[in-house]
Number of protein chains: 2
Amino acid sequence: MTRMRERWKGIFGAGGRSAQEKENTLTAELIAVGTELLLGNIVNTNAAYLARQCASLGLACYYQSVVGDNAARLRNAIAAALKRSDIVILSGGLGPTSDDLTKETAAALMKMPLVMDSRSLERIRRFFENRGLEMTENNRKQALVPQGALVLDNDNGTAPGLILEREGKRVILLPGPPGELCPMFEKSVRPYLSQLCPGIIYSRTVKICGMGESKVASMIQELIDAQSNPTVAPYAKTGEVHLRVTARARDEEEAAGLVGPVVKELEERFRDRVYTTDSDVTLEEAVLHILRENGWKLSTAESCTGGLLGGRLTAAAGASEVYRGGFITYSNKAKRKFLGVDKETLQRFGAVSQETALEMALGAAQRAKTEVSVSVTGIAGPGGGTDEKPVGLVYIGCCVKGHAAAREYRFDGNRAIVRESAVSAALTLVRQCVLERLALERDEVSG
Amino acid sequence: MTRMRERWKGIFGAGGRSAQEKENTLTAELIAVGTELLLGNIVNTNAAYLARQCASLGLACYYQSVVGDNAARLRNAIAAALKRSDIVILSGGLGPTSDDLTKETAAALMKMPLVMDSRSLERIRRFFENRGLEMTENNRKQALVPQGALVLDNDNGTAPGLILEREGKRVILLPGPPGELCPMFEKSVRPYLSQLCPGIIYSRTVKICGMGESKVASMIQELIDAQSNPTVAPYAKTGEVHLRVTARARDEEEAAGLVGPVVKELEERFRDRVYTTDSDVTLEEAVLHILRENGWKLSTAESCTGGLLGGRLTAAAGASEVYRGGFITYSNKAKRKFLGVDKETLQRFGAVSQETALEMALGAAQRAKTEVSVSVTGIAGPGGGTDEKPVGLVYIGCCVKGHAAAREYRFDGNRAIVRESAVSAALTLVRQCVLERLALERDEVSG
């Protein structure tokens, strides 16, 4: 790479990195294209996603930027990025309209004329055919690609991704919608970049539920302070904390040898709170896994979360083996009719009460005929709160083989955050109740 | 301003804007400072917030960028921004540690030496005192301000905000945490910028459902081509297209006069497909609104979406007036037991069929006793598809006052996209069926 960079110096400048950095690390830079980003109508989540990906690949990222759909400014932004970085990753501006200029501008800068790519054209045709929609002339434009570019299929939209290489510099063009960008990165860009990066970055994640970030951090402070390789970094998610253990090494074996002992230490410290050490496993998958192993079925009864808990349980394929179904009982009528909650319970204790949560969980388990059930009822806000029962008050009930328990929670935040927190807490409670029940059954057997 | 800019030309360059833009509009540019942004550990929500604020003030924003806590790169980024923009807003890097360099770098570039600000020092002292914490020597650094700068009190943290002015250029420094940045912007920066901006930017959004982006674009191509003030810009969302009509004017009244006729023209072109012209109203709110107006209740029956439709309907507070509840029938057993779907229907046509969707919708309406119900059953993938019934095949049923209909859809994309598309399509279908029914009832009355 060094020689390549020397040759480019005259055209693009040498960049501002140190001699050591130049030897070892490729630099990548992100440019998001879109007027809606400049107007603040959408948040640039692609930048965070791509930055994490680059970091995990060992690419150094020193700049991110956003420009609108304007040829001159876009050209300046790409040219500036090429001067100081080895790889420029652009997202957005690949759409069918005349506003979309990213491909045209990048191709012109890299001196690669646009040609029709018959494979992309055919894919786009099929895309419209499958939807029973008419393909407009606009969409043909999306099949034009810079001559010599690598074309990346888009499995979730029309615009193909593109990789343009020229004298040691690389421009990668990705579609803007995250639902298209992320799968394309995973499938095509990550493998491509992995080949370029010497050495590897390897990480494993210890995922913890039912414990706050400060508490987790305080339990590993001395590990964080002492770290060099591997490093331990906490990431807070709603209702969860993920500890990422990352090592840099020559190969995966060496890296795994560095990371393994730290993961083991973290598992010992957090014990039952650790629901997985597999980066790909989500909390809902961990819950479904325990139930599947024991042949138990699950049902849900939701009030304030309105179906989000069911939605999250079914986000993973294969939930159907375990999750039989659920009841969205948003009204009191539905709580009584769908779940058999007692009218008197609702009148005396209210819909948001431990008693109602218990009856909801029992009703769901009985009616869906499942060993395990979980219920959520609460005040998500913004309205509906009182001094006695403020916004954020949520009761979660769980029933395992006829034994039901319900717990009170108080969440901070807006309606969306309260609901999301309640879903996480419900999953955590199911996991905990099932583990306790299994421990009890083991004790009975051994006793 | 023109004269000011002329004087700066020699130092900072003239930027790439047209003569007309130069006359009327101040330009602002955003720079976020922080390694955690470059690593993708946090999402740059400050940029979206500040961009919206700038747009609403009539400032033109052509660039956003992110740099790390590195003196040379930060200096280059600020210098480049000052060359092309009138106002540079920096966020982050005002903390107490030696990593935090934003203030030092900006002050050096603006040639303003740092001096101790006794008012800020006193405020920081009180901040720690109120919390029973000891103030460290580091925090004294946060009370250093560029000589001659406007100091903005931070009501939610220690670092004061700063406004540096010099020969027509302005650098605004804000703390990075959104909980400090947003209140400070509202209280101090917005009033400051308002005084500088002669006009406003005003926009309205026409939201369209059940029509693809290219089709929408092709129906307004000549409006887009002819636009100057107001402009029309399409934004695609899953199952929806939003057309934003934006005008620049002296005041809101003038802007509304420019935007109104274009919004009316778009409403005439897209008729029933327009579900709202209010930026704040979502598709689910529009659906709930029509039902509420007619005193009708809604229930749901979900298979492949697993509760996401209910979750979306209840995302808005106040859904409880209309949405009675729903059934998540993820298994065939649940479809039969919760909704009374016929065993033979499931065996003969399969769980993913028009017939099952119809019976699910009818069952939900009957059991929840609602005038309107909607059902979703499909193959979200990644597994479970066959040649005859591929991944992405979804049937959506809708029942309005005993009349049920079901429609077939074929969605592309991964599991999450198929499910999200199905939720949007279900909302669109409910809206359409209800509108048709209302038209029929009107015809009957008038006939």
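Residues numbered from 1 in each chain as written. Chains lettered and ligands numbered in written order. Predicted model: local features only at pLDDT ≥ 70, side-chain atom pairs only at ≥ 80, totals over all residues.

Draft legend 1. Representation of the overall build of chain A in the model. Regarding its fold elements, chain A presents 18 helices and 17 strands. Projecting the C-alpha coordinates of chain A onto the three principal axes gives extents of approximately 80 × 55 × 40 Å. By the burial criterion, 47% of the 447 residues in chain A qualify as buried. (Helix = DSSP H or I, 4+ residues; strand = E, 2+ residues; numbered from the N terminus. Buried ≥ 20, exposed ≤ 12 C-beta atoms within 10 Å, placed from the backbone.)

Draft legend 2. Here's a closer look at the pairing of strand E3 (residues 87-91) of chain A. Residues and elements named next belong to chain A. Burial analysis of E3 places five of its five residues in the buried class, which makes it a mostly covered element. What you see with E3 is no split at all: Ile87, Ile89 and Ser91 on one side and Val88 and Leu90 on the other are buried throughout. Of the pairings in the sheet, the one linking strand E1 (residues 27-33) to E3 comprises five bridges and is parallel in character. Note on E3: the bridge partner recorded for Ala28 is Ile87. (Pairing = 2+ DSSP bridges.)

Draft legend 3. Quick peek at the domain arrangement of chain A. Under the domain assignment, chain A is made up of domain 1 (2-196), domain 2 (200-276) and domain 3 (283-446). Relative placement of domain 1 of chain A and domain 3 of chain A: their C-alpha centres are 44 Å apart. (Domains from an automatic or database assignment.)

Draft legend 4. Just the interface of chain A and chain B, in detail. Listed as interface residues are 70 residues of chain A and, on the opposing side, 66 residues of chain B. For the side of chain A that touches chain B, the residue count by class is 33 nonpolar, 30 polar and seven charged. Relative to strand E2 (residues 60-67) of chain B, strand E2 (residues 60-67) of chain A runs antiparallel, the two sharing five bridges. Bridge pairing in E2 of chain B links Val66 of chain A to Gln64 of chain B. (Contact = placed C-beta atoms within 7 Å. Nonpolar A, V, L, I, M, F, W, Y, C, P; charged D, E, K, R; others polar.)

Draft legend 5. Seen up close, the sheet that holds strand E10 (residues 231-237) of chain B. Residue and element names in this part refer to chain B. A sheet is described by the order of its strands in space; here four strands give the open sequence E10-E11-E9-E12, paired in antiparallel fashion. Strands with a single pairing partner mark the edges of an open sheet, and in this sheet they are E10 and strand E12 (274-276). Strand-to-strand twist of the sheet, defined as the mean angle between neighbouring strand axes without regard to direction, takes the value 35 degrees. The pairing of E10 with strand E11 (residues 240-249) spans seven bridges and is classified as antiparallel. Bridge pairing links Pro234 to Leu243 in E11. Sitting on the sheet, helix H12 (residues 252-270) is in contact with strand E9 (200-209), E10, E11 and E12, with an inclination near 15 degrees to E9. (Axes fitted to C-alpha atoms, helices over the stretch in contact; angles between N-to-C directions.)

Draft legend 6. Region of the structure containing the environment of Glu436 of chain B. Structurally, the position occupied by Glu436 of chain B is in helix H18 (residues 415-446). Each C-alpha atom, one on Glu436 of chain B and one on Ala364 of chain B, is 20 Å from the other, the two residues being 72 residues apart in sequence.

Draft legend 7. Structural detail: the sheet that holds E2 of chain B. With mixed pairing, the twelve strands of this open sheet are ordered in space as E6(A)-E7(A)-E8(A)-E3(A)-E1(A)-E2(A)-E2(B)-E1(B)-E3(B)-E8(B)-E7(B)-E6(B). The sheet terminates laterally at strand E6 (150-152) of chain A together with strand E6 (150-152) of chain B, the two strands that pair on one side only. Averaged over all pairs of adjacent strands, the angle between their axes in this sheet comes to 15 degrees, without regard to strand direction. Sheet topology note: the strand E1 (residues 27-33) of chain B/E2 of chain B ladder contains seven bridges and is parallel. Note that in E2 of chain B the partner of Ala32 of chain B across the bridge is Val66 of chain B.

Draft legend 8. Structural context of helix H6 (residues 102-109) of chain B. The complete set of buried residues in H6 of chain B reads Thr102, Lys103, Thr105, Ala106 and Ala107 of chain B. Lys111 of chain B sits one or two positions beyond H6 of chain B and adopts a positive phi of about 55 degrees.

Draft legend 9. Layout of the packing of helix H5 (residues 71-84) of chain A against helix H6 (residues 102-109) of chain A. Residues and elements named next belong to chain A. The geometry of H5 relative to H6 is characterised by a closest axis approach of 10 Å and an angle of 50 degrees between their N-to-C directions. Taken together, H5 and H6 sit at an angle that is classed as oblique. As H5 packs across H6, the resulting crossing turns out to be right-handed. Where H5 approaches H6, its residues Ala71, Leu74, Arg75, Ile78 and Ala79 are matched on the opposing element by Thr102, Thr105, Ala106 and Leu109. Its residues assigned to classes, the contact of H5 with H6 comprises six nonpolar, two polar and one charged. (Parallel < 35°, antiparallel > 145°, perpendicular 65-115°, else oblique. Left-handed = near helix turned anticlockwise from the far one by under 90°.)

Draft legend 10. Layout of the environment of Ala405 of chain B. Residues and elements named next belong to chain B. Turning to its location among the elements, Ala405 is positioned in strand E17 (residues 403-410). Residue Ala405 is classed as partly exposed on the basis of its 17 C-beta neighbours within 10 Å. Along the primary structure Ala405 and Val374 are separated by 31 residues, whereas in three dimensions their C-alpha atoms are 9.6 Å apart. Contacts of Ala405, omitting those with residues within four sequence positions, involve Gly397, Cys398 and Cys433.

Draft legend 11. Region of interest: the nonpolar core. Residues Ala361, Ile396 and Ala426 of chain A together with Ala361, Ile396 and Ala426 of chain B are the most contacted members of the largest nonpolar core, which totals 142 residues. Among the elements that make up this core, the one with the highest residue count is H18 of chain B (eleven residues). With residues near it in sequence (within four places) discarded, Ala426 of chain A still touches Leu309, Val374, Val376 and Ile396 of chain A. (Core = buried A, V, L, I, M, F, W, Y, C linked by C-beta atoms within 7 Å.)

Draft legend 12. Focus on the confidence of the model for chain A. All names here are of chain A. With 94% of its residues at a pLDDT of 70 or more, chain A has an overall mean of 89. Ignoring residues within four places in sequence, the model shows residues 1-23, a span with pLDDT below 50, making 22 contacts including any to other chains. Reported confidences for the modelled complex are a pTM of 0.75 and an ipTM of 0.75. (pLDDT = per-residue confidence, 0-100.)

Draft legend 13. Inspection of the pairing of strand E9 (residues 200-209) of chain A at higher detail. Residues and elements named next belong to chain A. Taking burial as the measure, the ten residues of E9 include seven buried ones, the bulk of the element. By the bridge criterion, ten bridges tie E9 to strand E11 (residues 240-249) in an arrangement that is antiparallel. Paired with Ile200 across the strands is Ala249, a residue of E11. Of the strand pairs in this sheet, E9 and strand E12 (residues 274-276) are connected by two bridges, and their pairing is antiparallel. Opposite Ile208, over in E12, you have Val274 as the bridge partner.

Draft legend 14. Structural view of the environment of Asp272 of chain A. All names here are of chain A. Residue placement: Asp272 occurs in the loop between helix H12 (252-270) and E12. Take Asp272: there are 13 C-beta atoms within 10 Å of it, and that puts it in the partly exposed class. A sequence separation of 163 residues divides Asp272 from Leu435, and the C-alpha atoms of the two residues are 8.8 Å apart.

Draft legend 15. Looking closely at unusual backbone geometry. Across the junction of Gly381 of chain A and Pro382 of chain A, the peptide omega takes the value 0 degrees, indicating a cis bond. Even without being glycine, Glu167 of chain A reaches a positive phi, approximately 45 degrees. Tracing the sequence through the fold places Glu167 of chain A in the loop between strand E7 (161-166) and strand E8 (169-174). In this structure, Lys369 of chain B is a non-glycine residue whose phi angle is positive, near 50 degrees.

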